Amino acid sequence: MLKIYNTLSRKIEEFKPIKKNKVGLYTCGPTVYNYAHLGNLRAYLVADLLKRFLKYKGFKVKQVMNVTDVDDKTIRESQKAGKTLKEFTDFYLKTFLEDLEDLNIEKPEIMPRATEHIKEMVALVKRLEKNGYTYRSNNSIYFKISKFKSYGHLSQLEKQDLKKGASGRVLKDEYSKEEVNDFVLWKAWQKEDGENFWETEIGKGRPGWHLECSTMSMKYLGEHFDVHTGGIDLIFPHHSNEIAQSEAATGKKFVNFWVHNEHLLVEGQRMGKSLGNFYALKDLKARNYHPLLLRVILLKTNYRQILNFIFNEFETARTIAEKFINFLINLDFVQNKKPNKLKIDFLINNCQNAFEKALDDDLNISQAFAVIFDFMNEINKLAERINVSQADKIKKFIFEIDKVFGFIENLFEEYKKVLKERIKSSAVKKLIKEREEARRKGDFQKADFLRKEIEKNGLLVEDTKEGYLLKTKNYL
Ligand SMILES: [Zn+2]
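Rules used throughout
- Residues numbered from 1 in each chain as written.
- Predicted model: local features only at pLDDT ≥ 70, side-chain atom pairs only at ≥ 80, totals over all residues.
- Heavy atoms only, no water.
- Donors = N, O, S within 2.8 Å, 3.2 Å for Na, K, Ca; no water.
- Helix = DSSP H or I, 4+ residues; strand = E, 2+ residues; numbered from the N terminus.
- Buried < 20%, exposed > 50% of the residue type's maximum accessible area, 1.4 Å probe, protein only.
- Pairing = 2+ DSSP bridges.
- Axes fitted to C-alpha atoms, helices over the stretch in contact; angles between N-to-C directions.
- Contact = heavy atoms within 4.5 Å.
- Expected span 1.5 Å × (residues − 1).
- Patch = residues over 30% accessible without salt bridge, like charges linked within 9 Å, V, L, I, M, F, W, Y side chains within 5 Å.
- Areas by Shrake-Rupley, 256 points an atom, 1.4 Å probe, with all protein chains shown as cover.
- Salt bridge = Lys/Arg side-chain N within 4 Å of Asp/Glu carboxyl O.
- Lys, Arg positive; Asp, Glu negative; His and termini not counted.
- Charge placed at Lys NZ, Arg CZ, Asp CG, Glu CD.
- Core = buried A, V, L, I, M, F, W, Y, C linked by side-chain atoms within 4.5 Å.
- Phe/Tyr/Trp six-rings, centres within 6.5 Å; stacked < 30°, edge-to-face > 60°.

Peer 1: Pulling in residues and values, what's your account of the coordination of the zinc ion?
Peer 2: Coordination of the zinc ion by the protein comes from Cys28 (SG), Cys213 (SG) and His238 (NE2), over a distance range of 2.0 to 2.2 Å. The sequence pattern describing where the donors of the zinc ion fall on their chain is C-x184-C-x24-H. Taken as a pair, Cys213 in helix H6 (residues 209-221) and His238 in helix H7 (residues 235-250) lie far apart in primary sequence, 25 residues in all. Grouping residues by exposure puts Cys213 and His238 together as buried.

Peer 1: Talk me through the sheet that holds strand S5 (residues 134-137); I want residue IDs and the actual numbers.
Peer 2: Spatial ordering of the open sheet is given by S5-S6-S7-S9-S8, a layout of five strands whose pairing is antiparallel. Of all strands in the sheet, those with a lone pairing partner are S5 and strand S8 (198-200), marking the two edges. Here the strands of the sheet are splayed against their neighbours by 35° on average, with no regard to which way each runs. Where S8 meets strand S9 (residues 203-207), three bridges bridge the pair, whose relative direction is antiparallel. Within S9, the position partnered with Thr200 by the bridge is Gly203.

Peer 1: An account of the environment of Ile105 is needed here, citing residue identities and associated values.
Peer 2: The residue Ile105 is located in the loop between helix H3 (85-102) and helix H4 (118-130) in this model. Since its relative accessible area comes to 8%, Ile105 is described here as buried. When the C-alpha atoms of Ile105 and Tyr44 are compared, they prove to be 7.6 Å apart, with 61 residues separating the residues in sequence. Setting aside its immediate chain neighbours within four residues, Ile105 contacts Tyr44, Leu45, Asp48, Leu100 and Arg295.

Peer 1: Tell me about helix H12 (residues 365-382), and please be specific about residues and values.
Peer 2: Relative to the 26 Å expected for 18 residues at 1.5 Å per residue, H12 spans 26 Å between its end C-alpha atoms, a close match to the ideal helical length. Within H12, burial applies to Ile365, Ala368, Phe369, Val371, Ile372, Phe373, Phe375, Met376, Ile379 and Leu382. Against the buried residues of H12 lie helix H1 (38-56), helix H9 (291-299), helix H10 (313-332), helix H11 (344-360) and helix H13 (388-405).

Peer 1: Help me get a handle on a positive patch on the surface, residues and values and all.
Peer 2: A cluster of basic side chains, namely Lys19, Lys22, Lys60 and Lys62, defines a positive patch on the protein surface. The residue Lys19 is located in the loop between strand S2 (11-14) and strand S3 (22-27) in this model.

Peer 1: Run through the nonpolar core, naming residues and quoting values.
Peer 2: Membership of the largest hydrophobic core comes to 105 residues, with the highest contact counts inside it found for Phe309, Ile372 and Phe405. Counting 41 residues, the second largest nonpolar core, distinct from the first, contains Met121, Leu211, Met216 and Leu234.

Peer 1: Would you mind going over the packing of aromatic side chains in detail, with residue names and values included?
Peer 2: Inspection of the entire model under this criterion finds 36 aromatic pairs. Relative to Phe59, the ring of Phe15 lies with its centre 5.8 Å away and its plane at 85°, an arrangement referred to as edge-to-face. Here Phe15, found in the loop between S2 and S3, pairs with Phe59, found in the loop between H1 and strand S4 (60-65); they are 44 residues apart in sequence, far enough to count as distant. For Phe15, a relative accessible area of 4% gives the class buried. Between the aromatic rings of Phe309 and Phe314, the centroid separation amounts to 6.1 Å while the plane-to-plane angle is 85°, which identifies the pairing as edge-to-face. Residue class for Phe309 comes out buried when judged on its relative accessible area of 0%.

Peer 1: Quick one: what's the story with the pairing of strand S6 (residues 140-143), residue by residue and with numbers?
Peer 2: Residue alternation in S6 divides its side chains into two sets, Ser140 and Tyr142 and Ile141 and Phe143, and both sets are buried. Where S5 meets S6, four bridges bridge the pair, whose relative direction is antiparallel. By the bridge assignment for S6, Thr134 is matched with Phe143. Between S5 and S6, which pair antiparallel in sequence order, lie two residues; one of them, Asn138, sits at a positive phi of approximately 45°. Both S6 and strand S7 (residues 183-188) contribute to a ladder of three bridges, which runs antiparallel. Considered in S7, the bridge of Ile141 is made with Trp186.

Structure representation (structure tokens):
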């Protein structure tokens, strides 16, 4: 039974879906005005981990992730770039989808764009108007927080605290609000918005950010659904506002489980434009870091702990990845078909239970890694005696748990591809042949020299009882 920390109750709770075996999962998606940075990517990876684990446990998961393609930032930046809002946001949506693919984050089942759901958003505003939760000011429509009694529940901030907290952050154009924490549902058109507006029955303008998530989550997952994820920085005001809008409209509980991941620091510091530490995946790729190693880095810290990203972590991630790859290579090389009394099924079973138990415990991924490492160490000790069918079982098991980890099989396949390509080169083939000849003739000095030549081509040669093995060197 999965137990997970619910921000709503501030407790670890047993996860039970509303409908048997089905999970509706909503993840606050990107605002497509720039590349996603490491902090964003961590949040998407945490949602991906949760989704993959739920699927591993047999749940059918429907994940919705919104794409914010209209707001102050997208409009302002598209104007600066001299592009239409659509052209501009299409570009960053494309880079975002590439990031998901590079990081092997499963693409959400539905990725609705805000600009394609204006009609539904207008309908939600009208519903809130009818229920008496809104007021108009300078043609914009605001949500009146004082009407929604349980407003501070998720953030656990009292209304007085909210006022204090927000008073320093009141934006110039928001003085038309009655209270500082009231938020805009529908923003009236202003000259600087240019051609970015919708002519609707509630006026000429555009939706507020919070409204998008309430509208699109309820459209695709229903008015009451299972899990909503996001970074901890979204608890207030974004998620607090989503709850207020949705529950004020429907009169029902909006979401059962709120799952928030902690912050990400870059080399001990908060990310900030002035610090120049806003890394995007493309920056790391430009430095030749493999995206799946970033996946390992972002994955291996438990989601409710602050993650301090440092470049040295790529070394750790590489060691982890190589541990898995070498483990699988060795299983691939097993040729022994003799039966034995090794209790491989028992070891696999034990490990599988421990793995699931770790993740059931509020997605304790570091423990999940630990139990797999223990298992691999056990198997490595038995390596010489394992037979082909046992090796196959073990491999199958590793690929099974990789449905949750999401990097082992991809890296292994890539490894094999690189190996094949390197062996294919005619220069290497010649060297290998010459080395075999030298060995046959007992000229070990020459064989050794040729081994080093082969290494220069990115291949390691290991001599075995049956002959030799080739492995890829420095591939990650
Ligand atoms: Zn959202």
